[in-house]
Amino acid sequence: MNETRNIPTTRQAEGLLCSPGEWGWVLAVCVVAFFAATPLWRSLENFNPGEDYRLPYAQSDDYWHFERWCEAALDRDVLVVGDSVVWGEYVAPGSSFAGALGKSSPGDRFANLGVNGIHPAALEGLLRHHGSALHGRKVLLHCNPLWMSSPRVDLSGAEDDFPLNHAKLVGQFFTRPLSYRARHSERIAAVLDRYSGLRGLAGHIRSSCFEGSDLYHWSSEHPGKSVLGRFTFEAVVPARTLRHQPVSWLASKGLRQERQWVSVDDSFQWRCFQRVVELLLARGNSVFVLLGPYNEHMLSPRGKVEYGALRKDLSAWLRSRPIGLAVAEVLPSELFADASHPLEAGYVRLAEMLAADPAFTQWLQD
Amino acid sequence: MLFHTWPFLLFFAAFYALYLALRSTRLRLPLLLGASYVFYGWWNPLYLLLIIYSTLVDYLAVLGMSRGGRKKSWLVLSLLNNLFLLGFFKYGEFVVENLNEGLSLLGPGWVLPAPDVLLPVGISFYTFQSMSYTIDYWRGKLEAEPNFIRFAAFVALFPQLVAGPIERASSLLPQLKKTPRITAGDVSEGLSLFVVGLFKKAALASYLAIYVDRVYANPVGSNSWALLCATFFFAWQIYFDFSGYTDMARGIARMMGIRLMVNFNNPYLAVDLGDFWRRWHISLSTWFRDYVYIPLGGSRGGRARTLAAIALTMVISGLWHGAAWTFVVWGALHAAGRLLTLPIEKSAFYRTKVPRALKQLLVFSFVLLTWIFFRAESLADAWLVLDKILAIVPGGFRGSTEPLYPLLALLLVLGAWSWQLLCESRVRRLLELQPVRIAAVILMVIYLALVPAAGDEAFIYFQF
């Protein structure tokens, strides 16, 4: 040890200090790069959604790509918005609700804008921050009562461990669900994501090039593969294979369930759904809501009564708004895969029901 | 609150606006102290009790010394208090565990209860910083600080509170006394330092950590090559992590008109082990030099005493890093390396005949092997890793190489190493050209915006 050596105080090992003027150059180039990144990527990435396109499952939280799909879907007559019931959890892309509607109402083209796991609180965020392209269009909005079937899924409970889908889309500070306990850094990042196209693009690159992982984790998991080779500039094509076997809940021995329905006055998700409707109306959308279906065959007699009362309350509010409304009939038990997802034949039945509904046909013609 | 997270950036933006507005008023120091306590209390408000207590004791100790009489008693009180805090919170569990190992030989039933306390973040840093104040005052090297708020701000100054650099009162207190003059150059250079530090942490250290953690979590299941790669990556991970933190700390302080000391100076380009310690964690090395090595006799007490002082200082330095035998062995290995290589380093042959690159490679290789003990979960794991790595030599690089390392990570490390090599060569002038610096910073900013996943992994040195 050298006792005479002084403590260094000024030398900069890396020598990368920039003056104010040089920072001006840095900022100018970065701003140009950041603004150019999104259009540049769009021009490079080949995205040709077919007639039965739906967001690939792995890109369910790629909201940048959802925005792009919204813009591409503007050539369709009706945009079908909702959760995995719209997306088609148990069916191939062409057999989803939008596909069935296209077949039963051949004069119109329907776009499947369903997003897996998008509960009303997240749907509000999705449409508010990533769905502005839908402005003024016809929107067929699905209302899934499943999200009110317990305080837990309604997000009005205060459980610590509830895995919240699409957490980035819900209110982060003032209107956040009680059970949402993310760290401050995550919540601030979620807010920034809504306003930064570049962060959205980075998320899109992660989901489309690196299987939803970030570059670091992906390259660590696939050390032998080329990183550059991942940049094919082809949008991910939705899988043709089914995520689940299309088996009726009866065949898969689903259990009857007691539900703790949350009333419309107490429901967090319902308030969010109401705000979704108001948002669409404020944006000049022509809105038609499909309430249900829900697999009432799974409910106990008491549960059926409670659900019936809830459905009545939901319908009452929806009827009070300047929107179209259809309350889905109870589908035959064997047409449900679980509590809320119909099988392919169930979608056909629903589409036929809507096609026979004068209010719906009138709405389509308007 | 971590420098590379959004809460800190928002906190700093709000603080900085106020700081600029109030920097020439009497509210500047209370603001600085308040912000530092908010920053520290963000982890756990209870930590504040400890830092305030520690600050108060050292402040009163120096005040007591300054009023004459019993100077040594005040110093001893301050040292004992700081060492007790450090010993209790950091080493309590380690001591009890080892005592229990010994007591178990006496038979069942001889068990001391382990202290169930949380290690306060940064305690090793701020106690050392505070201790240097009382020792320097006792040595007559500085004046007593009469203003408690200023002294408390010196101990808790948030940019360097939790992981250094360990500043000296003689350097920092005078800066806190005067109204800071903040130029546009301070802001831009502070920002540059921050971006470089952020890049080191978020783009490099976090990446390397993925592979290192995976391999070191399972040394039994990892082969020699993977363990060597992981150790190589860890050497760079800890450098990027810690020097990145320091760069960010220096950058933030610089924007506030405060200059903190350089803590790292391309340590993996060292040409001997002494040189390594003059480049690695400089603020700690110099602290140990001034407050341990020199009091132990330094180089003034003959060859044997000098070597003993070096060895003891190194072992204590190892223990400072953590309450585990792995850190003691790490320090002891550096001590042994230092003692064995000291005569070689001083020889004319080594200084003039051995190529610089070879010296750098030898020093790096030695440091690399010692990092095994620093990173391993236990001594048994460390020996296993060392044994497997050394088996490469007779076995060659044959056989499976799973888990494979990511090529990109290797390229990034080699890129950083090459940059440092060039920085210490004649090409440095080229790297300091305006277009090169601007291009490098632009690339870092764009890379940071696009590539690293959002994360808030803590810095490695926080645990110390």
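Residues numbered from 1 in each chain as written. Chains lettered and ligands numbered in written order. Predicted model: local features only at pLDDT ≥ 70, side-chain atom pairs only at ≥ 80, totals over all residues.

Engineer: So, the overall build of chain A: which residues are in play, and what are the values?
Structural biologist: Per the secondary structure count, chain A includes 13 helices and five strands. If you line up chain A on its principal axes, its C-alpha atoms span 90 × 45 × 45 Å. Per-residue burial for chain A yields a buried fraction of 44% across its 366 residues. Contacts in chain A between residues at least 24 apart in sequence constitute 77% of all its contacts with a sequence separation of at least 6. (Helix = DSSP H or I, 4+ residues; strand = E, 2+ residues; numbered from the N terminus. Buried ≥ 20, exposed ≤ 12 C-beta atoms within 10 Å, placed from the backbone. Contact = placed C-beta atoms within 7 Å.)

Engineer: How would you explain the overall build of chain B if you had to name every residue and give the values?
Structural biologist: If you tally the helices and strands in chain B, you get 20 helices and zero strands. At 23 Å, chain B has a C-alpha radius of gyration in line with the 23 Å of a compact globule built from 464 residues. Per-residue burial for chain B yields a buried fraction of 45% across its 464 residues. Contacts in chain B between residues far apart in sequence, at least 24 positions, make up 73% of those at least 6 positions apart. (Rg over C-alpha atoms; globule rule 2.2 N^0.38 Å.)

Engineer: If you had to explain the interface of chain B and chain A to someone new, which residues and values would you point to?
Structural biologist: Of the residues lining the interface, 55 residues belong to chain B; the matching set on chain A comes to 38 residues. Elements represented by at least two residues in the side of chain B that touches chain A include exactly α1 (6-22), α8 (184-216), α10 (273-279), α11 (282-293), α18 (407-423), α19 (428-431) and α20 (434-450) of chain B. Ranked by the residues each element gives to the side of chain B that touches chain A, the list is headed by α8(B), at 11 residues. Taken together, the residues that form the side of chain B that touches chain A break down as 35 nonpolar, 12 polar and eight charged. (Nonpolar A, V, L, I, M, F, W, Y, C, P; charged D, E, K, R; others polar.)

Engineer: Hey, could you go over the domain arrangement of chain B for me, with residue numbers and the actual values?
Structural biologist: Residue and element names in this part refer to chain B. Taken as a whole, chain B is organised into domain 1 (6-180) and domain 2 (185-463). Placing the centre of domain 1 and that of domain 2 at their C-alpha centroids yields a distance of 26 Å. Listed as interface residues are 24 residues of domain 1 and, on the opposing side, 23 residues of domain 2. For the side of domain 1 that touches domain 2, the secondary-structure elements that each account for two or more residues are α1, α4 (71-103), α5 (123-138) and α7 (169-177). Among the residues making up the side of domain 1 that touches domain 2, the classes are represented as 14 nonpolar, seven polar and three charged. (Domains from an automatic or database assignment.)

Engineer: Describe the sheet that holds strand β4 (residues 286-291) of chain A, with residues and values.
Structural biologist: Residues and elements named next belong to chain A. Strand order across the open sheet formed by five strands is β2-β1-β3-β4-β5, with parallel pairing between neighbours. The strands lining the two open edges of the sheet, one partner per strand, are β2 (110-112) and β5 (324-327). Taking each pair of neighbouring strands and ignoring which way they run, the sheet shows an average axis angle of 20 degrees. In the sheet, β4 pairs with β5 via four bridges, with the strands oriented parallel. Residue Phe288 lies in a different strand from β5, and its bridge partner there is Gly324. (Pairing = 2+ DSSP bridges. Axes fitted to C-alpha atoms, helices over the stretch in contact; angles between N-to-C directions.)

Engineer: Which residues make up the environment of B:Arg351, and what values go with them?
Structural biologist: All names here are of chain B. With respect to the helices and strands, the residue Arg351 is situated in helix α14 (residues 348-353). Given 13 C-beta atoms within 10 Å, Arg351 falls into the partly exposed group. The sequence separation of Arg351 and Leu80 amounts to 271 residues, and the corresponding C-alpha distance is 43 Å.

Engineer: Help me get a handle on the packing of helix α9 (residues 224-255) of chain B against helix α16 (residues 379-390) of chain B, residues and values and all.
Structural biologist: Residue and element names in this part refer to chain B. Packing of α9 against α16 brings their axes to within 8 Å, and their N-to-C directions diverge by 115 degrees. The pairing of α9 with α16 is recorded here as roughly perpendicular in orientation. For the pair α9 and α16, the crossing hand works out as left-handed. Of α16, the residues touching α9 (which contributes Ser224, Leu227, Leu228 and Thr231) are Val385, Lys388 and Ile389. Of the residues belonging to the contact of α9 with α16, the class tally is four nonpolar, two polar and one charged. (Parallel < 35°, antiparallel > 145°, perpendicular 65-115°, else oblique. Left-handed = near helix turned anticlockwise from the far one by under 90°.)

Engineer: An account of α4(B) is needed here, citing residue identities and associated values.
Structural biologist: Because the α-helix completes a turn every 3.6 residues, residues three or four places apart line up on one side. All names here are of chain B. Its 33 residues give α4 an end-to-end C-alpha distance of only 40 Å, which falls more than 12% under 48 Å, the value for a rise of 1.5 Å per residue. Tyr91 marks where α4 bends most, by close to 70 degrees. Within α4, burial applies to Trp74, Leu75, Ser78, Asn81, Asn82, Leu85, Phe89 and Lys90. In this structure, the buried residues of α4 make contact with α3 (45-66) and α5. (Expected span 1.5 Å × (residues − 1). Bend = angle between axes of the 7 residues up to and from the residue.)

Engineer: Before we move on, can you summarise the nonpolar core with the specific residues and values?
Structural biologist: One recurring pattern in soluble globular proteins is that nonpolar side chains are buried together. By size, the foremost hydrophobic cluster in this structure holds 136 residues, and its most contacted members are B:Ala153, B:Ala156, B:Leu208, B:Val212, B:Ala230 and B:Phe233. Each of two domains, domain 1 (6-180) and domain 2 (185-463) of chain B, supplies a minimum of three residues to this core. Non-local contacts of B:Ala230, meaning those with residues more than four positions away in its chain, are made with B:Tyr211, B:Val212, B:Val215 and B:Tyr216. Counting residues in each nonpolar core, the second largest holds 80 residues, with A:Trp69, A:Ile118, A:Cys143 and A:Leu155 among its members. (Core = buried A, V, L, I, M, F, W, Y, C linked by C-beta atoms within 7 Å.)

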